[in-house]
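Inside the fold
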Amino acid sequence: MMLKRKFDYLDAIAPAPRARKRPELHVANDHDAPVTSAARTLQSELGRVFAQESSWSVRRTVAIGVVFHLGVFCALGLAAGGALTELAHR
C-alpha cells in the first residue's frame, strides 16, 4: 500500500512521459541515404582542406605525429618519475 502511494505521489509531481511510437524497421535499399555523423563530416572536411594544400606532405604528417608522441611520452615519464619519488619518500 505504501509503495502504491509513493508512485502516485511521484506521478503527480512528474508524470511519466508518453510512450513514443517506435520507428518502423526495414531493410536498407538503394534509395536510403547513409547516416553521416558530425565527427565523420568534420573528418572528411579536414581531409579535403589538407588535400588542397600543395605543401602538405606525408613527411610533415609523420614529423607532427613524432613530435606529438614525444610530448606525450615525456609527460608520462615525468608523471611516472614524480610518482616513483613520492612512493620512495613514504
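Computed from a prediction, not measured in an experiment: that's the story for all the values here.

Points about the overall build of the protein
Secondary structure summary: the protein contains three helices and zero strands in total. Starting at the N terminus and walking to the C terminus, you meet the elements of the protein as α-α-α. Out of the 90 residues belonging to the protein, those deemed buried represent 0%. Within the structure as shown, the protein displays about 9,200 Å² of accessible surface, and the carbon and sulfur contribution to it stands at 66%.

A look at the confidence of the model for the protein
For the protein, per-residue confidence averages 78 on the pLDDT scale, and 73% of positions sit at 70 or higher. Put simply, helix 1 (residues 2-13) is where the protein has its lowest mean pLDDT, 59, and helix 3 (residues 58-89) is where it has its highest, 91.

A word on a nonpolar patch on the surface
A cluster of nonpolar side chains, contributed by Leu42, Leu46, Val49 and Phe50, occupies part of the molecular surface with about 350 Å² of accessible area. Position of Phe50 relative to the elements: it lies in helix 2 (residues 38-52).

Analysis parameters
- Residues numbered from 1 in each chain as written.
- Predicted model: local features only at pLDDT ≥ 70, side-chain atom pairs only at ≥ 80, totals over all residues.
- Heavy atoms only, no water.
- Helix = DSSP H or I, 4+ residues; strand = E, 2+ residues; numbered from the N terminus.
- Buried < 20%, exposed > 50% of the residue type's maximum accessible area, 1.4 Å probe, protein only.
- Areas by Shrake-Rupley, 256 points an atom, 1.4 Å probe, with all protein chains shown as cover.
- pLDDT = per-residue confidence, 0-100.
- Patch = residues over 30% accessible without salt bridge, like charges linked within 9 Å, V, L, I, M, F, W, Y side chains within 5 Å.
- Salt bridge = Lys/Arg side-chain N within 4 Å of Asp/Glu carboxyl O.

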